[in-house]
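Survey of secondary and tertiary structure
Listed here are the chains, written in short residue letters.
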Amino acid sequence: MPQSLDNLLVVGISSRALFDLEAEEAIFRAQGLDEYRRHQLINENEILKPGAGFALVRALLKLNRLTPGQRFVEVVIMSRNSSETSMRIFNSIKHYDLDITRAVLSGGAPLAPYLQAFNVSLFLSLHEDDVQAAVNAGAAAALLYQKPDNVMEELDQIRIAFDGDAVIFSDESERIYQTEGIEAFEKHERENAMLPLPQGPFAHLLIALSYIQNNFKNPDGRAAPIRTALVTARSSPAHERVIRTLRAWNVTIDETFFMGGVTKSDVLAAFKPHMFFDDQPGHCDRAASRVQTGRVPIKQLDEPA
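The text that follows walks through the structure, step by step, so that each part is easy to find. Everything numeric here is computed off the predicted structure, so don't read it as measured data.

Calculation criteria
Residues numbered from 1 in each chain as written. Predicted model: local features only at pLDDT ≥ 70, side-chain atom pairs only at ≥ 80, totals over all residues. Heavy atoms only, no water. Buried < 20%, exposed > 50% of the residue type's maximum accessible area, 1.4 Å probe, protein only. Helix = DSSP H or I, 4+ residues; strand = E, 2+ residues; numbered from the N terminus. Arc of directions from axis to C-beta. Contact = heavy atoms within 4.5 Å. Axes fitted to C-alpha atoms, helices over the stretch in contact; angles between N-to-C directions. Parallel < 35°, antiparallel > 145°, perpendicular 65-115°, else oblique. Nonpolar A, V, L, I, M, F, W, Y, C, P; charged D, E, K, R; others polar. Pairing = 2+ DSSP bridges. 1 Å grid on protein atoms, 1.4 Å probe; cavity = no way out; pocket = protein on both sides within 12 Å on 5 of 7 lines; lining within 4 Å. Points joined across faces, edges and corners; volume = space filled by probe spheres on them. Core = buried A, V, L, I, M, F, W, Y, C linked by side-chain atoms within 4.5 Å. Salt bridge = Lys/Arg side-chain N within 4 Å of Asp/Glu carboxyl O. Polar contact = N/O pair within 3.5 Å; in protein donor to acceptor, adjacent residues only side chain to side chain.

What follows deals with helix α3 (residues 33–42). Of all the positions in α3, only Tyr36, His39 and Gln40 are classed as buried. Axial view of α3: buried residues confined to an arc of 95°, hence all on one face. Exposed residues pointing more than 90 degrees away from the buried face of α3 are listed as Asp34 and Ile42. Those residues of α3 that are buried lie in contact with α2 (22–31) and α5 (87–95).

Take a look at the structure:
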């Protein structure tokens, strides 16, 4: 009987996001495909070092060990490599004992068309074109920054931090702020405080994480296997709509920070997330030196004919 991925949190991750392939990427760009192919074949038994998304993937896969016979997470390698040059990736997966069995090896073709086929809930990559194409196709996707120099200690508890507008929520309110200013934004949020915010690209991911959390309810929330945080530039009076929206979705976020324009980096360093998702390049640039960060591009609409 065919296996279904419908009720699982499926993470699609590029090989370059899972492992450190920066030297190989430089070879490909400077010397071309043939030299890249030769390098990978010669070094296919050399184990790759962990990449920007490694810690998050390894932590998420540990969820499958918590309940015998029940899986919560699947990870799919999604790479533009061919099968010929992929053995080093699979050898590294085996070395780190990562429970990853599925792969898309597109041989240079775009990856976005295969996201729906594998029911991908989240796509992570260091290739901006692939991430933008995934976002345009309606997937939750993020462009990962390189690992910060001060890599934090490994935590058993999965920790994920999200920005609010244009990430968990739609960019409707963000557009008002950008085009009309803070006063118009606050007025709009006061007038619509009772109306839930529309879902953003990462809403379904948050809801899926909340569902998994509910399978491991514990009187001490800090002992739960997943802990989430909302780190948003919003402040009072724009806080009320956020709180009411999460209630309407029946989602509990463990820690919430209404920053009111204060830089997010110190709070994030204290929270210690495996990943922080934000749509603003400035926020991401500042956070990336402290914590692992993924930028969420804005969906690009097709130009009218």
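Another aspect to go through is the packing of helix α7 (residues 172–180) against helix α8 (residues 182–191). At their nearest, the axes of α7 and α8 sit 7 Å apart, and the two run at 150° to each other. One way to sum up the angle between α7 and α8 is to call them roughly antiparallel. Seen from α7, the contacting residues are Glu172, Ser173, Ile176, Tyr177 and Glu180; seen from α8, they are Ile182, Ala184, Phe185, His188 and Glu189. For the contact of α7 with α8, the residue count by class is 5 nonpolar, 2 polar and 3 charged.

Taken together, the 10 strands give an open sheet; going across it, the order is β3-β2-β1-β4-β5-β10-β9-β6-β7-β8, and neighbouring strands pair in mixed fashion. Edge strands, defined here as strands with exactly one partner in the open sheet, are β3 (102–105) and β8 (255–258). Across the sheet, the mean angle from the axis of one strand to that of its neighbour is 25°, orientation sign disregarded. Note: strand β5 (residues 141–144) against strand β10 (residues 293–295), 2 bridges, orientation antiparallel. Its bridge partner being in β10, Leu144 is matched across the sheet by Gly294.

Where empty space is left in the structure can be found by rolling a water-sized probe over the atoms. For the coordinates displayed, the defined rule picks out 1 cavity of 30 Å³ or more. In this model, the largest cavity occupies a volume close to 30 Å³. Every residue along the wall of the largest cavity is listed here: Leu9, Val11, Leu60, Leu122, Ile160, Leu205 and Leu209. Mapped onto the lining of the largest cavity, the elements with two or more residues apiece are β1 (9–13) and α9 (203–214). Class assignment of the residues belonging to the lining of the largest cavity gives a composition of 7 nonpolar, no polar and no charged.

Attention shifts here to the nonpolar core. In this structure, Leu18, Ile100, Leu124, Phe162, Phe202 and Phe277 are the most contacted members of the largest nonpolar core, which totals 54 residues. Here this core gets 6 residues from one element, more than from any other, and that element is helix α4 (residues 54–61). If sequence neighbours within four positions are ignored, Phe202 has contacts with Leu122, Ala140, Ala141, Ala142, Phe162, Val167, Ile168, Phe277 and Val296. Among the nonpolar cores identified, the runner-up in size contains 16 residues, and Val76, Ala112, Leu115 and Ala141 belong to it.

Throughout the structure, instances matching the rule amount to 23 salt bridges. Across the pair Glu84 and Arg37 runs a salt bridge whose closest N-O atoms are separated by 2.7 Å. In this pair, Glu84 sits in the loop between β2 (73–79) and α5 while Arg37 sits in helix α3, placing the two residues 47 residues apart along the sequence. For Glu84, a relative accessible area of 39% gives the class partly exposed. Overall, the relative accessible area of 33% leaves Arg37 in the partly exposed class. For Arg290, the salt bridge identified is with Asp266, shortest N-O distance 2.9 Å. Here Arg290, found in the loop between α12 (281–287) and β10, pairs with Asp266, found in helix α11 (residues 265–271); they are 24 residues apart in sequence, far enough to count as distant. One connected set of salt bridges, linked through shared partners, spans Asp165, Glu172, Glu189, Arg234 and Arg241.

Before going further, it helps to spend a moment on the side chain of Asp163. Tracing the backbone through its elements, the reader meets Asp163 in the loop between β6 (158–162) and α7. On the accessibility criterion, Asp163 (5% relative accessible area) is buried. A polar contact of 3.0 Å, which involves the side chain of Asp163, links it to the side chain of Lys264. Filtering out sequence-adjacent residues up to four positions away, Asp163 remains in contact with Ile168, Leu230, Val231, Thr232, Ala233, Lys264, Phe276, Phe277, Asp278 and Asp279.

Let us now look at the environment of Phe169. Structurally, Phe169 is set in the loop between β6 and α7. Taking relative accessible area as the criterion, Phe169 reaches 1% and is therefore assigned buried. Residues Phe169 and Leu33, 136 residues apart in the sequence, show an inter-C-alpha distance of 41 Å. Setting aside its immediate chain neighbours within four residues, Phe169 contacts Gly164, Leu197, Pro198, Gln199, Gly200, Pro201, Val242, Thr245, Leu246 and Trp249.

Any link to function would need more than the numbers given here.
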